[in-house]
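Tertiary structure, described
Spelled out, the chains give:
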Amino acid sequence: MALKTINPTKTNAWKKLQAHFETIEDTHIKNLFEENPNRANDMTIKWEDFYVDYSKHRLTQETLDLLLELAHEVDLKDAMNKYFGGDVINKTEGREVLHTALRNNKDAEVLVEGENVMKDVFEVKSKIEDFTSKIINGDLKTYNNQPFTDVVNIGIGGSDLGPAMVVDSLAYYKNHLKTHFVSNVDGDHVNEIIKNLNPETTLFVIVSKTFTTQETLSNANTLREWFLKHAPQDAVSKHFVAVSTNIEKVKAFGIDEANVFPMWNWVGGRFSLWSAVGLTISLAVGFDNFNKLLLGAHKMDEHFKTQDFDKNIPVITALLSVWYNNFFNAESEAVIPYSQYLNQFATYLQQGIMESNGKSIDRNGDKVNYQTGTIIWGEPGTNSQHAFFQLIHQGTKLIPAEFIGFAKSLHGNQDHQDKLMSNFFAQTEALMSGKSQKVVIDELKEQGVSEEKIKDLTPFKVFEGNKPTTTILIEKLTPESLGKLIAMYEHKIFVQGIIWNIFSYDQFGVELGKQLANTILKELKDVNVINNHDNSTQNLIKYYQQLD
Ligand code: F6P
């Protein structure tokens, strides 16, 4: 069954939210705390090892009730049943959206065209498990009988960002294998990676759902050529494996069918790290940890599926995002993890969020007349405090931010951890409370600053505050808690897409540029090929060719 096509702006809840927005627009969050002493408790969801506090937002219980009404009016529940039930909710590509099946239990029943896919899922999982343990233990050897030392993941987009982010985030749990990620078609990327490799002991994992992606195939070819300068032809089958849905193309590349880890069309690229696309994760941290990542995600799936909306983390975080995006006209959201391990988290989320919900045509095929996908960005704290926090604190733009922190440090350096967490708590407090003119003047007086100077400086030192943040405090960074966190964002994306009445699981917007690049490539390779371009592009191409 298809998803319903309800224009959110035509719902009663939306109209009520618009009217309500006018009454709340200028309210300071500080005052909301004074009005309701229970606010922090009321607006916190405690679930497993997650503590999610969304009280530092510009909303009241009435706002929340109306947002929840909106979720009901667009029939989110019905959409969720279709999502988990394997309906073809990726209508424009005619596909189910079932990354949740990849982390489901063995005895679950998930039907695709009447067939339970769990058997296939578990077959591939055991292939990953078997291969992982043999590579880690050294049972599977190189062509010249050595244990492997390095793994190179060759992929781009969903075939790179997810595995790269998880491997980085779980660096604490890593084994002896050194992992590398090549994605960009920029030859300098692959050449820099090559500098650190020994061809004799390197395993290459080519990850491409379609096995047609220019960047991935170029890098794979370059690496194979380089490898063959050092090893005989028949060594390729021992050193190259692939993850793909396109077995024929993989075989044509010269990889043995036995070395192919299949995936399925019902898994979208940006949601695929739970599939064999996560092979490099499994190799880097071991299959048990990979499985724990999946288990965490499954727990979040269950939470999302069964929890009432008012205590449902993905639903609440998605509704908050809609509130700012569509009523306050906030254009972007920041994600600030207070963990250096999560250095790549925002980059990873950019694909998940912006490739999914960066759409302007609704599910009826009509142009939307409201805002959809948010711009997502972020960097770890405390580094980001010394980079862009100035703008969040005192700039003109409203930037709701999600602060992610882990209560326990992995290496147990308590002094550093307390310093880190004091910043984590202080920033959301500062963003909300700000600093009034009176406090600024009192402080300057105390420092003995002259009256005249105080007058000059005061406007610059005032912080309005009222900057909204959500705090996601997690006990510890483990494979399981990371799995929960990633799945939380996946479901948040889904809820937003349902409310905005768009299709979140296609990505036609990336195609035009690829098409034109192919046209231009022919011209760059052969000066006799001349195509029609606008003047600017024509001049740029000519200039490039002259420099050649
Ligand atoms: O950028 C477009 C895209 O299709 C992504 O959705 C996908 O993750 C990426 O390219 C890589 O695709 P593939 O895994 O087929 O090489």
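Below: a short report on this structure. Just so you know, the residues in each chain are numbered from 1, in the order the chain's sequence is written. Where totals are concerned, whole chains, interfaces and linings use all residues; where local detail is concerned, this predicted model gives features only for residues with pLDDT of at least 70, and gives and counts side-chain atom pairs only at 80 or more. Calculation of side-chain values draws on the structure's entire complement of heavy atoms; hydrogens and water are dropped beforehand.

What to know about the site of the ligand
Stated precisely, the cut-off is as follows: Throughout, the term near means that a residue has one or more heavy atoms lying within 4 Å of the molecule or strand in question. In these tables, accessible area is a Shrake-Rupley quantity obtained with a 1.4 Å probe, and a residue counts as shielded only by the protein chains included in the view. Under the grouping applied here, Gly and all other residues not named as nonpolar or charged are polar, the nonpolar ones being Ala, Val, Leu, Ile, Met, Phe, Trp, Tyr, Cys and Pro and the charged ones Asp, Glu, Lys and Arg.
The immediate surroundings of the ligand are formed by 13 residues, with Ser-159, Ser-208, Thr-210, Thr-213 and Glu-355 found nearest. For the ligand, whose accessible area on its own is 390 Å², the fraction buried by protein is 86%. In the shell around the ligand, the residues fall into two nonpolar, nine polar and two charged.

Description of the nonpolar core
Condition: Joining through side-chain atoms within 4.5 Å is the link that ties buried Ala, Val, Leu, Ile, Met, Phe, Trp, Tyr and Cys residues into a set, and such a set is a nonpolar core. When a residue's accessible area, from a 1.4 Å probe over protein chains only, is under 20% of the maximum for its type it is buried; when over 50% it is exposed; and in between it is partly exposed.
Ranked by size, the top nonpolar core spans 122 residues in total, and within it Trp-266, Leu-293, Trp-323, Phe-345, Leu-485 and Phe-494 carry the most contacts. If you look at the next biggest cluster of nonpolar residues, it comprises 23 residues, including Val-182, Ile-193, Trp-226 and Ala-242.

Details of the packing of helix α5 (residues 76–85) against helix α20 (residues 479–499)
Keep this limit in mind: To define axes, lines are fitted to C-alpha atoms, for helices over the stretch in contact only, and angles between the resulting N-to-C directions are given on a 0 to 180 degree scale. Each helix is a run of DSSP H or I of at least 4 residues and each strand a run of E of at least 2, with the numbering of both proceeding from the N terminus. Put simply, angles under 35 degrees are roughly parallel, angles over 145 are roughly antiparallel, angles from 65 to 115 are roughly perpendicular, and the rest are oblique. Crossings are classed by handedness, with left-handed meaning an anticlockwise turn of the near helix from the far one by less than a right angle and right-handed meaning a clockwise turn. We call two residues in contact whenever any of their non-hydrogen atoms come within 4.5 Å of each other.
Here α5 crosses α20 at 125°, and the two axes come no closer than 10 Å. Viewed along their axes, α5 and α20 adopt a mutual orientation that is oblique. α5 and α20 meet at a crossing whose hand is right-handed. In contact with Leu-76, Ala-79, Met-80, Tyr-83 and Phe-84 of α5, α20 contributes Glu-490, His-491, Phe-494, Val-495 and Ile-498. Per-class residue counts for the contact of α5 with α20 are eight nonpolar, one polar and one charged.

Section: the packing of aromatic side chains
Put simply, the rule reads: For this analysis, a ring pair means two rings from Phe, Tyr or Trp (six-membered ring only for Trp) whose centres lie within 6.5 Å, classed as stacked if their planes differ by under 30 degrees, edge-to-face if by over 60, and tilted for the remaining angles. In this analysis the charged atom, NZ for Lys or CZ for Arg, is taken to sit over a ring once it is within 6 Å of the ring centre and within 35 degrees of the ring normal.
For the structure shown, the criterion picks out 32 aromatic pairs. Seen in terms of ring centroids, Phe-21 and Phe-328 are 4.8 Å apart; in terms of plane orientation they differ by 90°. Their pairing is edge-to-face. Here the residue Phe-21 occupies a position in helix α1 (residues 12–24), and Phe-328 occupies one in the loop between α14 (313–326) and β10 (332–338), the gap between them amounting to 307 residues. Residue classification places Phe-21 among the buried residues on the basis of a relative accessible area of 12%. According to the relative accessible area criterion, Phe-328 is buried, its value standing at 14%. Centroid distance Trp-323 to Phe-327: 5.4 Å. Interplanar angle 40°. Geometry classified as tilted. Just as Trp-323 is buried, Phe-327 falls in that class too. Positioned over the ring face of Trp-274 is Arg-103, at 4.5 Å from the centre of the ring.

Some words on the sheet that holds β10
What counts, and what does not: If DSSP finds at least two bridges between two strands, the strands pair.
A sheet is described by the order of its strands in space; here six strands give the open sequence β1-β2-β13-β12-β10-β11, paired in mixed fashion. Pairing within the sheet leaves two strands with one partner each, and these edge strands are β1 (44–47) and β11 (375–377). When strand polarity is set aside, the average angle formed by the axes of neighbouring strands in this sheet is 15°. Sheet analysis places β1 next to strand β2 (residues 50–53), joined by four bridges and oriented antiparallel. When the bridges of β2 are listed, Thr-44 appears paired with Asp-53. Against the sheet, helix α15 (residues 345–357) engages β10, β11 and β12 (401–408), with an angle of about 165° to β11. Against the sheet, helix α17 (residues 414–433) engages β10, β12 and β13 (469–476), with an angle of about 150° to β12.

Quick look at unusual backbone geometry
Residue Thr-382 follows Gly-381 across a cis peptide bond; omega there is 10°. Take Thr-382: it is sitting in the loop between β11 and α16 (389–394). Unlike most non-glycine residues, Glu-48 shows phi in positive territory, near 50°. Relative to the assigned elements, Glu-48 resides in the loop between β1 and β2. Classification of Glu-48 as exposed rests on a relative accessible area of 51%. Positive phi, normally seen in glycine, also occurs at Phe-211, with a value near 55°. Relative to the elements of secondary structure, Phe-211 occurs in the loop between β7 (202–207) and α9 (214–228). With relative accessibility at 2%, the residue Phe-211 sits in the buried group.

So, the sheet that holds strand β8 (residues 240–244)
Ordered by their spatial adjacency, five strands build an open sheet running β6-β5-β7-β8-β9, and the pairing between neighbours is parallel. This sheet does not close on itself; its edge strands, each paired only once, are β6 (178–182) and β9 (260–262). Averaged over all pairs of adjacent strands, the angle between strand axes in this sheet comes to 20°, irrespective of strand direction. Judged from the three bridges that link them, β8 and β9 form a sheet pairing that is parallel.

Structural notes on the side chain of Asn-153
Here Asn-153 shows up in strand β5 (residues 150–154). Residues within four places of Asn-153 in sequence aside, it is in contact with Ser-159, Asp-160, Pro-163, His-180, Phe-181, Val-182, Val-205, Val-207 and Thr-280.

Looking at helix α8 (residues 187–194)
Applicable threshold: Think of the arc as the fan of directions from the helix axis to the C-beta atoms. Polar contacts here mean pairs of N or O atoms no more than 3.5 Å apart (in protein, one a potential hydrogen donor and the other a potential acceptor; neighbouring residues in sequence count only if both atoms are side-chain atoms).
Every buried residue of α8 is listed here: Val-190, Ile-193 and Ile-194. Taken end-on, α8 shows its buried residues confined to a sector of 105°, consistent with a single buried face. On its buried side, α8 packs onto β5, β6 and α9. Between a side-chain oxygen at the N-terminus of α8 and the backbone nitrogen of Asp-188 the separation is 2.9 Å; the capping residue is Asp-186.

Quick word on the pattern of salt bridges
Let me state the cut-off plainly: Each reported salt bridge corresponds to a side-chain nitrogen of Lys or Arg within 4 Å of a carboxyl oxygen of Asp or Glu.
Throughout the structure, instances matching the rule amount to 25 salt bridges. Residue Lys-82 is joined to Asp-78 by a salt bridge in which the shortest nitrogen-to-oxygen separation is 2.7 Å. Here Asp-78 and Lys-82 lie together in helix α5, a separation of four residues that amounts to about one turn. Asp-78 shares its class with Lys-82; the two are buried. For Lys-299, the salt bridge is made with Glu-480, and the minimal N-O distance between the two is 2.8 Å. Taken together, the positions of Lys-299 in helix α13 (residues 287–306) and Glu-480 in helix α20 put the pair 181 residues apart, joining distant regions of the chain. Under the relative-accessibility criterion, Lys-299 is labelled partly exposed at 27%. Here the residues in one salt-bridge network are Glu-48, Asp-49, Lys-299, Glu-480 and Lys-484, joined through shared partners.

Examining a nonpolar patch on the surface
Rule in force here: The patches reported here contain residues having more than 30% relative accessible area and no salt bridge. Joining distances are 9 Å for like charges and 5 Å for nonpolar side chains (Val, Leu, Ile, Met, Phe, Trp, Tyr).
Residues Leu-521, Leu-524 and Tyr-544 make up a contiguous nonpolar surface patch of about 250 Å² in total accessible area. Among the secondary structure elements, Tyr-544 is positioned in helix α22 (residues 535–547).

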